[in-house]
Amino acid sequence: MTVGLYGTYGGRYVPETLIPALDELEAGWDKAREDPAFQAALDRLLGTYGGRPTPLTLAERFAPGKRLYLKREDLLHTGAHKLNNTLGQALLAQRLGKGRIVAETGAGQHGVATATVCARFGFECVVYMGAEDMERQRPNVERMNLLGAEVRPVEFGTQTLREATSEAIRDWIANVETTHYLIGSCVGPHPYPEIVRELQAVIGGEARAQILEAEGRLPEIALACVGGGSNAIGLFAGFVDDSEVRLVGVEAHDAASLGDGRPGVLHGARSSLLADEDGQILDAHSVAAGLDYPGVGPEHAFLRDSGRAEYVNATDDEARDAFERLARTEGIIPALEPAHALARVAELDAELVLLCLSGRGDKDL
Amino acid sequence: MKTLVVYLMAGRQTPELAEAAVEGGADIVELGFPFSDPLADGPVIRRAAERALSEGMRTDACLECLARTRERVDVPLVPMTYAALLEAYGYERFEAEARAAGATSLIVADLPVDARPDLRRIQLVAPTSTDERIALAARVTDGWLYLVTVTGTTGARDRLSTAFAGLVERTRALTNVPVYAGFGISTPEHAQAAFELADGIVVGTRAVEVAEDGPAALRDYVRSLRAEMIVH
């Protein structure tokens, strides 16, 4: 495997049918990112439609004795960082002449963000969602329906993000000529991990400037939850070259593909996975549907191995406690996903901490 | 004489099923080594894979199944699987153990032609493949090319059969390697179109379904396909 590698991770492990589409996507992406008109259109949408820049909020009551800044992606339109990626990929799909979008969703945040841009751009939209996730994230299913998307329940296997992703890729295989697969995290075959990282890098770029403005220095730690890892990779992108800033990712305790995983292949890429010794994928479990995934973006596996980033975990109970505590102390209801990152703040050996509050928690009530 | 390839999922009954398929007229037997998250497979083979895994058909058990099948049939046996299994087992080790157990070649559904060039295997080409990729696949493939004829959606048959004819034509222009058509050959229309254009066909999903009714049913089904092939 020679394309799209992060160390030995990444690559393209997909049926031949998709390779030409991935080549086309890569060529389209390379052209778009060099095109000032693309960046200008994206910046305009992020500002006038998405609500960027999102603020930094100092959370003094949640984290007494520290200076904890929350990067408020929960205030972005649709309520999570996912829109950064879907707006960029929608512009890209438009350039590629695709009129149909398929996506997978776990918590429903990426599904909503996809349905939103499809409504905005006039694309047909199909979102695959595990039947179990549809049950536990009902409000997001209703939002997607209202936005005109077709939500297709995935009723086999684990009935969660893992199967929804497989099913979205199978739909793409069957409809590749008309359809853009709008993947929601920095996973999948090359060039997806790179596209999603670059589109989410706006989080880290903004946050870096904002914390310098507020504190006159860089944070000691940049902290984010990691499922597939897109909000974390976007935050880390702003600080990866600042060697004095520790990058810390927080996985769900029973979905810790970086903490407990081994190298393997899932959904088109080689990464660190929850898998058995034969390479068969194991079930992940998390109260946070967005973290309930046995894989992770290949760049995270690379950052872990290189020692540049470190990865810890939080249990369901710890996340629930942090969820409630942020609501009570700051008047901010976080999604259960970033609540995992919030749960680790108190014990961090650092004073100035920047945390990506990747989404809001209405869906988790 | 056209070549008939029959796909079976590795399992306890596979040696008897393979023998029945060969009695019915199968020239090559593909043996599915199940993977938990098979992107290229539709619901039938996916369910068969789930069942096989729940019965313990992990890589070593599949290799053992291959060896026992080899004891009963003389035709080429080709394991078909996903890169995840080879990653975990080791590519070279997998290849060596499979050959030792009687494999004639290997198919890896999610390992594109430009990946792992050192791993000798049967390459797949699809209607979306560029001429450049078809030529590369033809150059490095192990004996024959696996033509992916359809992409699996219902209602897309007209378009897909057009795509298939075009794919065969493009492939013929680029290589003399035999081309066998597979993926979605289950209806008489597909089989007929495939017989006329390709050097052989691969029957997977339908064979897996029929195999659930046992060796006799599979033998009869393969025999009926064989008869169709002689007609055409």
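Just so it is clear, the model here is predicted, and its values are computed rather than measured.

A. The arrangement of the packing of helix 1 (residues 14-24) of chain B against helix 3 (residues 59-72) of chain B in detail. Residue and element names in this part refer to chain B. Two elements in contact, helix 1 and helix 3, have axes whose closest approach is 8 Å; the angle formed by their N-to-C orientations is 40 degrees. Between helix 1 and helix 3, the angle is such that the two are oblique. Judged by the twist between their axes, the crossing of helix 1 over helix 3 is right-handed. Seen from helix 1, the contacting residues are Thr14, Pro15, Ala18 and Glu19; seen from helix 3, they are Cys65, Arg68, Thr69 and Arg72. For the contact of helix 1 with helix 3, the class distribution of residues is three nonpolar, two polar and three charged.

B. Representation of unusual backbone geometry. The omega torsion across Arg52 of chain A and Pro53 of chain A is 0 degrees, close enough to zero to call that bond cis. Considering the arrangement of structural elements, one finds Pro53 of chain A in the loop between helix 2 (36-50) and strand 3 (56-58). The residue after His190 of chain A, namely Pro191 of chain A, is reached through a cis peptide bond having omega 15 degrees. Position of Pro191 of chain A among the secondary structure elements: in the loop between strand 8 (179-181) and helix 8 (192-215). Positioned with a positive phi, Gln159 of chain A is a non-glycine residue whose angle comes to about 55 degrees. Assignment of secondary structure puts Gln159 of chain A in the loop between strand 7 (150-154) and helix 7 (161-174). Taking the C-beta count within 10 Å as the criterion, Gln159 of chain A has 18 such neighbours and is therefore assigned partly exposed. A positive phi angle, close to 50 degrees, is found at Arg116 of chain B, a residue other than glycine. By secondary structure assignment, the location of Arg116 of chain B is in the loop between strand 4 (107-108) and strand 5 (124-125).

C. Region of interest: the sheet that holds strand 5 (residues 100-105) of chain A. Residues and elements named next belong to chain A. If you walk across this open sheet you meet the four strands as 7-6-5-8, and the pairing is parallel. Edge strands, defined here as strands with exactly one partner in the open sheet, are strand 7 and strand 8. Mean inter-strand twist for the sheet, computed between neighbouring axes without regard to direction, equals 25 degrees.

D. How the structure looks around the sheet that holds strand 13 (residues 309-314) of chain A. Residues and elements named next belong to chain A. Spatial strand order, 3-4-14-9-10-13: six strands in an open sheet with mixed pairing. The outermost strands of the open sheet, each flanked by one partner alone, are strand 3 and strand 13. Averaged over all pairs of adjacent strands, the angle between strand axes in this sheet comes to 25 degrees, irrespective of strand direction. Direction of pairing for strand 10 (residues 246-252) relative to strand 13: parallel, over a ladder of six bridges. Residue pairing across strands places Leu247 opposite Ala309, the latter belonging to strand 13. The sheet strands contacting helix 10 (residues 298-306) are strand 10 and strand 13, and the helix crosses strand 13 at an angle near 110 degrees.

E. Quick look at the interface of chain A and chain B. Contact residues are listed per partner, giving 27 residues for chain A and 29 residues for chain B. Contributions of two or more residues to the side of chain A that touches chain B are made by helix 1 (19-34), helix 7 and strand 11 (262-266) of chain A. Partitioned by chemical class, the residues of the side of chain A that touches chain B number 15 nonpolar, six polar and six charged.

F. Geometry of the environment of Asp220 of chain B. By the element assignment, Asp220 of chain B lies in helix 10 (residues 215-231). Separated by 200 residues in the primary sequence, Asp220 of chain B and Ala20 of chain B have C-alpha atoms spaced 8.6 Å apart.

G. Layout of the nonpolar core. Ranked by internal contacts, the top residues of the largest apolar core, which has 212 residues, are Leu355 of chain A together with Val6, Leu8, Ala21, Leu147 and Ile201 of chain B. Broken down by element, the residue count for this core peaks at eight residues, all from helix 8 of chain A. When we break this core down by domain, the ones giving at least three residues each are domain 1 (5-43 + 82-192) and domain 2 (51-80 + 200-364) of chain A. The contact partners of Leu8 of chain B, leaving out residues within four places of it in the chain, are Thr14, Leu17, Ala18, Ala21, Val29, Leu31, Gly32, Ala207, Val208 and Ala211 of chain B.

H. Layout of the domain arrangement of chain A. Residues and elements named next belong to chain A. According to the domain assignment, chain A contains domain 1 (5-43 + 82-192) and domain 2 (51-80 + 200-364). On a C-alpha basis, the centroid separation for the pair domain 1 and domain 2 is 21 Å. Tallying the contact residues gives 37 residues for domain 1 and 38 residues for domain 2. Broken down by secondary-structure element, the contributors of at least two residues to the side of domain 1 that touches domain 2 are strand 2 (9-10), helix 3 (82-96), helix 4 (109-121), helix 5 (131-136), helix 6 (138-146) and helix 7. No other element matches helix 7, which puts five residues into the side of domain 1 that touches domain 2.

Quick notes on the rules
- Residue indices follow the written sequence of each chain, beginning from 1 at its first position.
- Chains carry letters from A onward and ligands carry numbers from 1 onward, assigned in written order.
- Per-residue local features are limited, in this predicted model, to residues with pLDDT of at least 70; the limit for side-chain atom pairs, both in listing and counting, is 80 or more; totals at the level of whole chains, interfaces and linings are taken over all residues.
- Lines fitted to the C-alpha atoms define the axes, with helices restricted to the stretch that makes contact. Angles between their N-to-C directions range from 0 to 180 degrees.
- Helix numbering and strand numbering both begin at the N terminus, where a helix is a DSSP run of H or I of at least 4 residues and a strand a DSSP run of E of at least 2.
- Just so you know how the angles are binned, under 35 degrees is roughly parallel, over 145 roughly antiparallel, 65 to 115 roughly perpendicular, and the rest oblique.
- Helix crossings get a hand from a simple test, with the near helix turned counterclockwise from the far one by less than a right angle marking a left-handed crossing and a clockwise turn marking a right-handed one.
- C-beta atoms are first placed from the backbone for all residues, and any pair lying within 7 Å is then listed as a contact.
- Residues are grouped as follows: Ala, Val, Leu, Ile, Met, Phe, Trp, Tyr, Cys and Pro are nonpolar; Asp, Glu, Lys and Arg are charged; all remaining types, including Gly, are polar.
- Partly exposed residues are those falling between the two cut-offs: more than 12 but fewer than 20 other C-beta atoms within 10 Å of their own, whereas 20 or more means buried and 12 or fewer means exposed, with C-beta atoms placed from the backbone.
- Only when DSSP finds a minimum of two bridges between them are two strands counted as paired.
- Any nonpolar core is a set of buried residues, restricted to Ala, Val, Leu, Ile, Met, Phe, Trp, Tyr and Cys, that join up through C-beta atoms within 7 Å.
- Bear in mind that the domain bounds are from an automatic or database domain assignment.

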